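Read off the chains here:
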Amino acid sequence: MEPVVSSQMKFKHIISTEQFLDKETLASVFRTAEKFEKDDRRGKIQQLLRGKILASVFYEPSTRTRFSFESAMLKLGGGVITTESAGHFSSAIKGETLEDTIRVIGGYADVIVLRHPEVGAAQRAAEVSPVPIINAGDGAGEHPTQSLLDLYTIQKELGGINNLRIALVGDLLYGRTVHSLIKLLSVGRRIRIYLVSPPALRLPGSYRWFLKRHKINFSEDPRLEKILSDLDVLYVTRIQKERFSSQKIFNKIRNSLVIKRGHLALLPQRAIIMHPLPRVNEIAKEVDLDPRAAYFRQAKNGLYIRMALLKSIFIS
Ligand code: NCD
C-alpha cells in the first residue's frame, strides 16, 4: 500500500520508511537533528512549534518513543496531550473504532503520534485524520521514526552508511524496527546484510523481496559466531513476546540468541552494537560496559530525530 503523502507538505503523514528513501530528504532530516542536538547542549532551542499540540495515542506500551516525542514537542515550545494504554483508557473499550477516535482527537490536536497493534493501523488513521499522523509502530509492520534514528546513529558513530556490513539479529518476523530499517538501508551503497534469527522468526517474504528488488546483498545464517568478525553493526532485537499466539513456542525460542562477553572478542574494534530497546535478556548486562555498546546513545538520538521530524511536518 502506498503511504498517504500530501503534495503540499512532504511529510504530512509519516507512515513508512519508504517516504525517506531519497538521499536529500534523509540528509536534511539528519542535518536538522544534528542542529537541534547542538542547540540543546547550549540550552538554546528555538520555540518553533509554540501553540501547536501533539497527541500521543498509544494502544501498546512505550517508553522511548512516547517520551522522546513528547519531550521533542515540549522542547520546541508545543504542548502535549496523551493517553497511555489507549485501548483501555480511551473509548476503544466502549467499542469505538480507531477511525472515529482519530477523527475526534484530530479536532483537538495538530499532530497525532499513533502506536497500534495492527499492521496498517497508521495508514487507516491517515486516511481519515484531519491532522498529520506519525506511525509510532503498527503491530509487526513498521516503525519508521525508529529506523531514522537508527540510521542517524550509524552515520554518527561510523561516519557514513556506504559499505556497511550489518547483522540484524533476533526476531526478524515480528520486529517492526528491523522491517523499517531494512528499507532505509537501501539508500546506502554496497550494503551487506546478515540475517540472524531462529528459524521460526525469519524475515517475512515481502522484506526479502524488497532486498532483492533493491539489489542489496544479504544472507541468512543462524550462527552468529561465523559472521561477527566481519561486522560494522551488530543490531540486536527483542523476541516480540506479545505477538506469539503460543506461549510454548515463545518459551522455546526466547533464549536462543544472547550476546555475551565472549562475542565481544570476535567483534571488530570499530564496530557498534545497537538495539532499539527495551532489552530483555538478548544482550547480557556485562556488554553495556563495552564502548561499542551504542544502544543508550541510540535512544538519545531519538529525541533529536523526532524534533527534526516534527519541524518538517509544520515548517517546510
Ligand atoms: C521497539 C518497538 O516498539 O517496536 N521499541 C522502540 O520503539 N524502541 C522494539 C521492541 O519493542 O522490541
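Residues numbered from 1 in each chain as written. Predicted model: local features only at pLDDT ≥ 70, side-chain atom pairs only at ≥ 80, totals over all residues. Heavy atoms only, no water.

## A closer look at the overall build of the protein chain
Threshold: Helix and strand definitions here come from DSSP, where helices need a minimum of 4 consecutive H or I residues and strands a minimum of 2 consecutive E residues; each element is numbered from the N-terminal end. All radius of gyration figures rest on C-alpha atoms, and the globule criterion is 2.2 Å times the number of residues raised to 0.38. Think of it in three bands: with a 1.4 Å probe and only protein chains considered, a residue is buried below 20% of the maximum accessible area for its type, exposed above 50%, and partly exposed in between. Should any heavy atoms of two residues lie within 4.5 Å, those residues are counted as being in contact. Residue burial considers only the protein chains on display, and all accessible areas are found by Shrake-Rupley using a 1.4 Å probe. Only four residue types enter the charge count, namely Lys and Arg as positive and Asp and Glu as negative; His and the chain termini do not. Positions of charges follow a simple convention, taking NZ of Lys, CZ of Arg, CG of Asp or CD of Glu.
Counting secondary structure elements, the protein chain contains eleven helices and nine strands. Its C-alpha atoms give the protein chain a radius of gyration of 19 Å, within 12% of the compact-globule value 20 Å for 316 residues. The principal-axis extent of the C-alpha atoms belonging to the protein chain is close to 55 × 45 × 40 Å. Burial statistics for the protein chain: of 316 residues in total, 57% are counted as buried. Across the protein chain, the fraction of contacts at a sequence separation of at least 24, relative to all contacts at a separation of at least 6, is 73%. If you sum the accessible surface of the protein chain, you get close to 14300 Å²; carbon and sulfur atoms cover 52% of it. On the protein chain, the mean spot of the 48 positive side-chain charges and the mean spot of the 32 negative ones are 3 Å from each other.

## Quick notes on the site of the ligand
We apply this condition: For this purpose, a residue is taken to be near a molecule or strand whenever a single non-hydrogen atom of the residue falls within 4 Å of it. Distance and chemistry together define a polar contact, namely a pair of N or O atoms within 3.5 Å, with one atom able to donate a hydrogen and the other to accept it when in protein, and with adjacent residues in sequence counting only for side-chain atoms on both sides. Both site types are read off a 1 Å grid over the protein atoms alone. A 1.4 Å probe that fits but cannot get out defines a cavity, while an open set with protein on both sides within 12 Å along at least five of seven lines defines a pocket; lining residues have an atom within 4 Å of a point. Just a note on the criterion: a molecule sits in a pocket or cavity if more than half of its atoms are within 2 Å of the grid points.
The local shell around the ligand consists of R64, T65, R115, H143, Q146, R176, T177, R238, Q240, P276, L277 and P278. At 2.7 Å, a side-chain N or O of R176 approaches an oxygen atom of the ligand. Between P276 and the ligand, the recorded distance is 2.9 Å, taken from a backbone N or O atom to a nitrogen atom. Protein contact buries 94% of the 310 Å² of open area that the ligand shows by itself. When each cavity is represented as a set of grid points, the ligand is found to reside in the largest pocket. At the level of secondary structure, the elements contributing two or more residues to the shell around the ligand comprise α2 (64–75) and α7 (176–184).

## Quick word on the sheet that holds strand β9 (residues 272–274)
Note the following rule: Two strands form a pair only when DSSP identifies at least two bridges running between them. Axis lines are fitted to C-alpha atoms, over the contacting stretch for helices. Their N-to-C directions set the angle, which ranges from 0 to 180 degrees.
One open sheet holds the five strands; their spatial order is β7-β6-β5-β8-β9, and the pairing between them is parallel. Each edge of the sheet is formed by a strand with only one pairing partner; in this case those strands are β7 (217–220) and β9. With direction set aside, neighbouring strand axes in the sheet form an average angle of 20°. In this fold α7 packs onto β5 (165–169), β6 (192–196) and β8 (233–236), with an angle of close to 155° to the strand it touches most, β5.

## Quick notes on the nonpolar core
Inclusion rule: Residue types Ala, Val, Leu, Ile, Met, Phe, Trp, Tyr and Cys, when buried and joined through side-chain atoms within 4.5 Å, form a set referred to as a nonpolar core.
L151, I166, L168, I193, I305 and L310 are the most contacted members of the largest nonpolar core, which has 56 residues in total. Examining the composition of this core, we find that eight residues originate from one element, helix α11 (residues 295–314), more than from any other. Those residues in contact with I166 that sit more than four places away from it in its chain are I154, L181, L185, R192, I193, Y194, L231, V233 and Y235.

## Some thoughts on the side chain of K183
With respect to the helices and strands, K183 occurs in helix α7. Apart from residues lying up to four places away in sequence, K183 is in contact with S16, T17, E18, L21, E142, Y207 and F210.

## Some remarks on the layout of surface pockets
This is how it is decided: Grid points are joined across faces, edges and corners, and a volume is the space filled by probe spheres set on the points. Here the term charged refers only to Asp, Glu, Lys and Arg, the term nonpolar to Ala, Val, Leu, Ile, Met, Phe, Trp, Tyr, Cys and Pro, and the term polar to all other amino acids, Gly among them.
One number sums up the size of the largest pocket: a volume of about 400 Å³. Around the largest pocket, the lining comprises 20 residues; the ones closest to its centre are R115, R176, R238, L277 and P278. Among the elements of the structure, α2 and α7 are those that each provide at least two residues to the lining of the largest pocket. Split into classes, the residues belonging to the lining of the largest pocket amount to four nonpolar, ten polar and six charged.

## Quick look at the sheet that holds strand β1 (residues 53–58)
If you trace the four strands from one edge of the open sheet to the other, you get β2-β1-β3-β4, paired in parallel fashion. The open sheet terminates on both sides in strands that have one partner only, identified here as β2 (79–83) and β4 (133–138). Recorded for the sheet is a direction-independent mean angle of 15° between the axes of neighbouring strands. Across four bridges, strand β3 (residues 111–116) lies against β4 in parallel orientation. Its bridge partner lying in β4, V113 is registered against I134. Strand contacts of α2: β1, β2, β3 and β4, with the helix running at about 175° to β1, the strand carrying the most contacts.

## Some remarks on empty space enclosed by the protein
One pass over the structure, following the stated rule, counts one cavity of 30 Å³ or more. What the largest cavity holds in volume is close to 30 Å³. The wall of the largest cavity is formed by R64, Q146, L149, P276, A299 and R306. At the level of secondary structure, the elements contributing two or more residues to the lining of the largest cavity comprise α6 (144–158) and α11. Of the residues that constitute the lining of the largest cavity, the class distribution is three nonpolar, one polar and two charged.

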